[in-house]
Each structure stands twice: as C-alpha cells, then as structure tokens.
Amino acid sequence: MKIGKNLGLPFLFFCFFFIAQGQELPVKYSFGDKYNDRYKYSNLLEISDDGMGGSILVRSYYTGIILKPRGYYIERYNKDLELVSEYNYKLKDLDFVNAFVKNGQLNILLLEYNAGKGSYDYVVHRSPLDNFNFTVETILSIPSQQVNEPLDHNYYKRNFSSGFTTTAFLNEDKSAFAISTHFKKGRDEKHFVYLFNSSLNKLIEYDFSAEIEEKNYAFENMVTSKDLNQVYLVGKAYYKKKRFAATERKFQYELLKVAKNEAITQTFDDPGKFSEALKPIIINGKLVCVGFYADRKDNRYNGLAYFELDKNSLGITVKKYNPFSQQFMADKFGREDDIEIKNLVFKDVSVTKDNSILFNAEEYFVTSSVQQDPTGSRVKIERFHYNDIVSAKLSAEGDIIWARNINKSEVTQGDGAYASYSSCGNGENTYYLISTASENPQLLSGERLIFRQGLSRNRNVFMIQLDKDGKISYEKVIDDHEARLPLMVSMPLIDKENSNMLYYAKRGSKKQLVKVEITDPGR
C-alpha cells in the first residue's frame, strides 16, 4: 500500500505541439471553507455523490513513528461545500477495493484474509449516511493461502505465480461491480468471474478455469449491459508457454463476455496489427471497442483502432485502423526510431449527440530502484510516471477526425492523486484540468507550449480545451495565491450531466473542497 504524505508533489513538464493561445475559457470555480484535519498523512480513496447534492469522501490514514495504516476517515459535505459530518472508522489489515453510495447508504468494499477459514473474503461494510453505524456482510469467499499482494490490478505487470490474485471493477453508473479471482495450488488452477449489483445480489458466477489452460487474464476495463445480464471485460491475455523475442510483448488484448450460462472470448489482432489499450463502450445498444494499435509487437503505437461487435456472439462486424498522421508521429516521437510509449491507460470516454466518440488516455508506468534509508538499510523505492496525454475523436462510423498529443512528464513517489490530470466532456469539447507549480507557459518555435517546473510550493491550476476540431486553447483558471492547498487533480467527482468537477484539496492538517464548473451552454 502506498503511503501519501501530501507533500511529495510530482515533477511536472508540459509541451504542447499545437496552436495554443491564452484566452478566457467558459469556466468558473468556487472554494469551500478550509478545515483542520487531525490526520496529516492520508490517501484519498473515493469521492462519491451522496445522492442529495453533497459528497462523501473516504480516506485511509496513517499514524505512528513508523507510519502504518490505522483505518478509514469518512467526510460528508453538503452542496455548498460545507463539512457536515466526519467519522473515524478504525480498521486494520484489510485491502480497500472501492466505495459507492446506494439508497442513502455508504458501501465500502474490502478484501480481507480470514485466517480461521483459510480464505480471502470480499466483505462490504455498510452504513447510513446520516448516522454512521456500520454493519458487515461477506459476499464472496475464496479458499487460499495468504499472499503478499492479493489485490493486483495494474496496467504494466501482473504476478500470476503468487497463488492468489483478484481484481474488481465498478461500471460507470455504479449499479454493478465485477470481480475476477485467479488462484493456484499445485496443478489446480481456477479462474472465476462474478457480477454483483449495487444491492449486493450476485447476478452471475462463471467458472472460467478451462479457458486459462494457455493464457492468464489481466482485465483492465469493463462495461455491463443495461439489464445487467451480461458483463464485458477487456484485458491482456498472457501466454503461458509460447516463446517470444526479447522486444515482443507477451500478451494480446481480448474481450470476454460473461453471462449466466456462458462465456465467450474475442481476439482483435491481425497480421501486422496489434491492439493496444482497448476500452469497451455501449452506444445506443451497440457494443464498441476503441483504443490503439501498433504495426509491430513492441510498444510504439501507430494509430487508433475501432471495432463494432455483435453483443451476443462477439463477432466483429466493423473493423477500422486509423493511422496517426506524420505530423502527429513527429510531435509524439520526434525524429528518432526507438522512442516508445510505455503503456496507455484510459482516463475518459464520452459520446457526442451525433455519436462521435471523444476519448483520452495517458502514458503510465512504474520504475523502481534500491536506496539506503537513514538507518543504512536498503529499501526499494517505486516511482510512478504519468506522461503524455493522447486525445482523439472518432466519427460514429469509427473514422478518425483528429488526434492530439500533449507531451508532459510527471513522476511522484508519493500520493498519485496530485499527479496526472482529469477531463470532462461538454458537447463536442473536452476540458482538461492540470495542476502545476509553473507560473506561465512559454511558446517556442514550432508552436510548442511548455509549462516549466516552478519553484513555488503552491499550485496553479490550468484548464486546457480541445474543441470539436481539435484546436487547443488554455487558461490559468486558479492562481496559486488562491489555491493555497494543492488539488488532488486526478481524483475528482465528475458530474457529466452538469459539466462540473469537485476536487479535494489538502496539505498537512488543512483541507477544503474546490468546485470547477464548465459554463459552456453548447451541449
């Protein structure tokens, strides 16, 4: 578990390779009151709508000379960004999975090892919002020995040899969540997929074990049918026995459809076309996968991929590969041949009124090194990298309209909530919010806009707009003198219907909420 100290803000460097003119963007913002907070060291885990115009926040907090997790701190705010209640829920030795609000109750989904039963249990801790009083319900139990990292959802590597690994996903409207469990003991290897609704009823249980004879699956994205009778999961299928060259990837992207009595898989790769970072979406009842592709089995992406599939058979009915333009490739990779994208992780997908698809993804990877701590002990240090943003627009038929690359580089050893970015669609425009200590962008030859790392401890907040034609504009929307507390910019509560984003801002023992509203009427 990463410990965020709310101080290790990331190094940040931006470079836009398109026309960027400072102008007044349709945005307004408001600050809530600053409040004292007793827990200096914490991580924001979830921020949710409370169903009554306010919000619920769940944080893990750490105390002690050697910082250790002590429990979960829950805060409730009203629509005016005022703190109305707090609750310290003291829990230890559980892995946080997710949290959501249903029918006026907060549900915290946790993974717990039950030593008495020798099993990993998915448990839900549930409480009314107006009077915190938690009850506990076990919804799933999987026999297994205890392992170091049971909850293993990442985008760059997976460990299938530990004996047990599991991951869970909520769908977009939080009406259901899927759980994938993979466990192995000797020659006995099992893989199950489950779907629960938000009332904690198990809708689907499917034994996927026969299909893992040749491949292990690391799922990344999911979508459900409206009636919750089907769940569609996309992820990397890792080959177990096939040999690969050192430069080749050892996986392919696959789509898995699971229903009550069946499971079907679909692959996407063609000769010379290797799918990357695919995301499933349902548009007016039509199942679509969008993402990227490469011309060779390495990590250099060459364009955008679009697939339409039959929802029942998963047969591919439309397939399109849209190559990036030479200008885009030059902006992205420069003139060298060996520069690569490490990994693209989807951040947001939206659909316009004419069913065009707007999406953006971010390069994300992790590096590690061994260093000596003050006692002389050698410790492993992990660094989390959040690099370029790729934003694109596809027509309703899957043809590329435009693609843009925002070159940036961020790295942090602390809380990743302060790094990266957030985005929100409004009609045919997409808006990005980024926090940086940089004061003013610098426009260089070649129409490159650079945000150089500033020295201030405070953070400016910049908004970037991509309009319907892919034209970039930007503005500093919150000055560092106003935003004295840094925003957790990658973990907002997004209200897509009203085009606003709610952020938690915290440093040390001070905290507040910040609301950013997009006022463009053209939805």
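Residues numbered from 1 in each chain as written. Predicted model: local features only at pLDDT ≥ 70, side-chain atom pairs only at ≥ 80, totals over all residues. Heavy atoms only, no water.

Undergrad: Can you tell me about the overall build of the protein, naming the residues and giving the values?
TA: Within the protein, the secondary structure is distributed over 1 helix and 37 strands. Expressed as a percentage of its 523 residues, the buried residues of the protein come to 57%. Across the protein, every contact between residues at least 6 apart in sequence was considered, and the portion connecting residues at least 24 apart equals 53%. For the protein, the computed accessible surface area is about 23,000 Å², with 44% contributed by carbon and sulfur atoms. (Helix = DSSP H or I, 4+ residues; strand = E, 2+ residues; numbered from the N terminus. Buried < 20%, exposed > 50% of the residue type's maximum accessible area, 1.4 Å probe, protein only. Contact = heavy atoms within 4.5 Å. Areas by Shrake-Rupley, 256 points an atom, 1.4 Å probe, with all protein chains shown as cover.)

Undergrad: Describe the nonpolar core, listing the residues and the values that go with them.
TA: Among the nonpolar cores identified, the biggest contains 41 residues, and Leu-255, Val-290, Phe-292, Phe-307, Ile-357 and Phe-359 are the most heavily contacted of them. Per-element accounting of this core gives the leading share, 6 residues, to strand β22 (residues 286–294). Core analysis: the next-biggest nonpolar cluster, separate from the first, contains 21 residues, Leu-140, Val-147, Phe-196 and Leu-200 among them. (Core = buried A, V, L, I, M, F, W, Y, C linked by side-chain atoms within 4.5 Å.)

Undergrad: I'd like to hear about the sheet that holds strand β15 (residues 188–197), residue by residue, with values.
TA: Taking strand neighbours across the sheet as the criterion, the 4 strands line up as β13-β14-β15-β16 in an open arrangement whose pairing is antiparallel. If you trace the sheet from one side to the other, it starts and ends with β13 (164–170) and β16 (202–207), each paired once. When the angles between neighbouring strand axes are averaged without regard to direction, this sheet yields 10 degrees. Here 7 bridges tie β13 to strand β14 (residues 176–185), and the two strands are oriented antiparallel to one another. Its bridge partner lying in β14, Thr-167 is registered against Ser-180. (Pairing = 2+ DSSP bridges. Axes fitted to C-alpha atoms, helices over the stretch in contact; angles between N-to-C directions.)

Undergrad: Hey, could you go over the side chain of Ser-144 for me, with residue numbers and the actual values?
TA: Note on placement: Ser-144 falls in the loop between β12 (135–143) and β13. Setting aside chain neighbours within four positions, we find Ser-144 in contact with Tyr-113, Gly-118, Ser-119, Tyr-120, Gly-163 and Phe-164.

Undergrad: Tell me what's going on with the confidence of the model for the protein, and back it up with residues and numbers.
TA: Across the protein, the average pLDDT comes to 85, with 85% of residues at 70 or higher. Below a pLDDT of 50 lies the segment residues 1–8, which in the model reaches 29 contacts outside its immediate sequence neighbourhood of four places, other chains included. Across residues 13–22, where pLDDT falls below 50, the model places 44 contacts with residues more than four positions away in sequence or in other chains. (pLDDT = per-residue confidence, 0-100.)

Undergrad: So what's going on with unusual backbone geometry? Residues and values would help.
TA: For Leu-228, which is not a glycine, the phi torsion comes out positive at approximately 65 degrees. The phi torsion at Ser-499 lies on the positive side, around 55 degrees, for a residue other than glycine. Residue class for Ser-499 comes out buried when judged on its relative accessible area of 2%.

Undergrad: I'd like a rundown of the sheet that holds strand β21 (residues 274–283), residues and numbers included.
TA: The sheet built from 4 strands is open, its strands ordered β21-β22-β23-β24 with antiparallel pairing. Looking at the sheet topology across the chains shown, the edges are occupied by β21 and β24 (316–323). The mean angle between the axes of side-by-side strands here comes to 20 degrees, regardless of whether they run parallel or antiparallel. Here β22 pairs with strand β23 (residues 303–309) via 7 bridges, running antiparallel. In the strand pairing of β23, Leu-287 is matched with Leu-309.

Undergrad: Run through the pattern of salt bridges, naming residues and quoting values.
TA: The tally for this structure, following the rule as stated, stands at 22 salt bridges. With its nearest N and O atoms 2.6 Å apart, the salt bridge here joins Lys-202 to Glu-205. Residues joined in a network through salt bridges with shared partners are Asp-37, Arg-59, Glu-75, Glu-86, Lys-506 and Lys-511. (Salt bridge = Lys/Arg side-chain N within 4 Å of Asp/Glu carboxyl O.)

Undergrad: Residues and numbers for the pairing of strand β29 (residues 422–426), please.
TA: Most of β29 is tucked away: 5 of the 5 residues are buried. Burial of the side chains of β29 extends over both faces: Ser-422, Cys-424 and Asn-426 are buried on one face and Ser-423 and Gly-425 on the other. As paired strands, β29 and strand β30 (residues 429–436) are joined by 5 bridges and run antiparallel to one another. Paired with Cys-424 across the two strands is Tyr-431, which belongs to β30. Hairpin connection between β29 and β30: a loop of 2 residues separates the two successive antiparallel strands, and Gly-427 in this loop has a positive phi of roughly 65 degrees.

Undergrad: Give a detailed account of the packing of aromatic side chains, specifying residues and quantitative values.
TA: Considering all chains together, one arrives at 29 aromatic pairs under this definition. Note on Tyr-217 and Phe-219: the rings are 5.9 Å apart at their centroids and 20 degrees apart in plane angle, and the pair reads as stacked. Note on accessibility: Tyr-217 and Phe-219 belong to one class, buried. Here the aromatic rings of Phe-346 and Phe-359 are separated by 5.5 Å at their centres, their planes lie at 50 degrees, and the arrangement is tilted. Taken together, the residues Phe-346 in strand β25 (residues 344–351) and Phe-359 in strand β26 (residues 357–372) connect sequence positions 13 residues apart. The pair formed by Phe-346 and Phe-359 is uniform in burial state, with each residue classed as buried. (Phe/Tyr/Trp six-rings, centres within 6.5 Å; stacked < 30°, edge-to-face > 60°.)

Undergrad: Talk me through the pairing of β24; I want residue IDs and the actual numbers.
TA: As paired elements, β23 and β24 share 7 bridges and run antiparallel to each other. Bridge assignment links Leu-309 to a residue of β24, and that residue is Ile-316. Where β23 hands over to β24, the hairpin turn is made up of 6 residues, of which Leu-314 adopts a positive phi near 65 degrees.

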